[in-house]
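Residue strings, one per chain:
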Amino acid sequence: MPILGRLLKNRRSGDAHAAWNRPNLHGPELLDLSSRSFDHLGTMPPEHHAKNAGGQNISPHLAWNPPPTGTAQLLLVVEDTDVPTPKPAVHCVVLIDPDVRSLAPGALAAKEPAPGVTILRSVIGRGYQGPAPIKGHGPHHYTFQLFALATPLGATAGKTALDSARPSVLLPSITAPVLARGRLIGTVER
């Protein structure tokens, strides 16, 4: 498998198509997103890696400062911007109640999310999907992006259009003004 990683070493999606750079998700960088699990641009501990990469697939601790007044909902998008595909791989998409200020490790589990967290569909599945970069491909950047939305995206559970929407449809369709945003990047290499 390391041979494949070396062959694809110069192929990376980059962050041009990441949620952070979508025109409809621009806003002031007022949210200080952090983690006790890793520092910004630091290495993510193995317990946060996918099971097939030797991890436990536990979402990391996340915390942020209070969003601006008028925030109706928070949107968290986790992407790998180094996959050898045209666009980043969306590892997790969740909606968070605006009064939530932090998430404990494991809070983004598909079957038992933390109170105030609504799990949406990602490219890989539902809930937190930990890093599992191709062996030998070099460092991958996992970008945790938090957006404070002025209006809610819709229903919070069940088989609704929002619940089943793919990120490639959901993210460009957001029209709610972004009042603030923040990001945290962790790295993983195999």
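What you see is a predicted model; the values in this text were computed from it and never measured. (Residues numbered from 1 in each chain as written. Predicted model: local features only at pLDDT ≥ 70, side-chain atom pairs only at ≥ 80, totals over all residues. Heavy atoms only, no water.)

Engineer: I would appreciate a short explanation of the side chain of aspartate 82 in the present structure.
Structural biologist: You can see aspartate 82 is positioned in the loop between strand S3 (73-80) and strand S4 (89-96). Within the structure, the side chain of aspartate 82 is placed 2.6 Å from the backbone nitrogen of histidine 141, a separation counted as a polar contact. (Helix = DSSP H or I, 4+ residues; strand = E, 2+ residues; numbered from the N terminus. Polar contact = N/O pair within 3.5 Å; in protein donor to acceptor, adjacent residues only side chain to side chain.)

Engineer: Explanation requested: the pairing of S4 in the structure shown.
Structural biologist: Both faces of the sheet carry side chains from a regular strand, because those side chains alternate between them. Extensive coverage of S4 is indicated by the burial of eight of its eight residues. The pairing of S3 with S4 spans seven bridges and is antiparallel. Its bridge partner being in S4, aspartate 80 is matched across the sheet by alanine 89. Two elements, S4 and strand S6 (residues 117-119), share three bridges in a ladder whose sense is antiparallel. When the bridges of S6 are listed, isoleucine 96 appears paired with valine 117. (Buried < 20%, exposed > 50% of the residue type's maximum accessible area, 1.4 Å probe, protein only. Pairing = 2+ DSSP bridges.)

Engineer: Would you take a moment to explain the nonpolar core for this structure?
Structural biologist: In summary, soluble globular proteins display a tendency toward joint burial of nonpolar side chains. Trp64, Leu76, Ile96, Leu103 and Phe144 are the most contacted members of the largest nonpolar core, which has 26 residues in total. Contributions of two or more residues to this core are made by S3, S4, S6, strand S7 (140-149) and strand S8 (178-188). Here the element with the most residues in this core is S7; it accounts for four residues. Setting aside anything within four residues of it in sequence, one finds leucine 76 in contact with Leu62, Cys92, Val93, Val94, Ile96, Leu108, Phe144, Gln145 and Leu146. (Core = buried A, V, L, I, M, F, W, Y, C linked by side-chain atoms within 4.5 Å. Contact = heavy atoms within 4.5 Å.)

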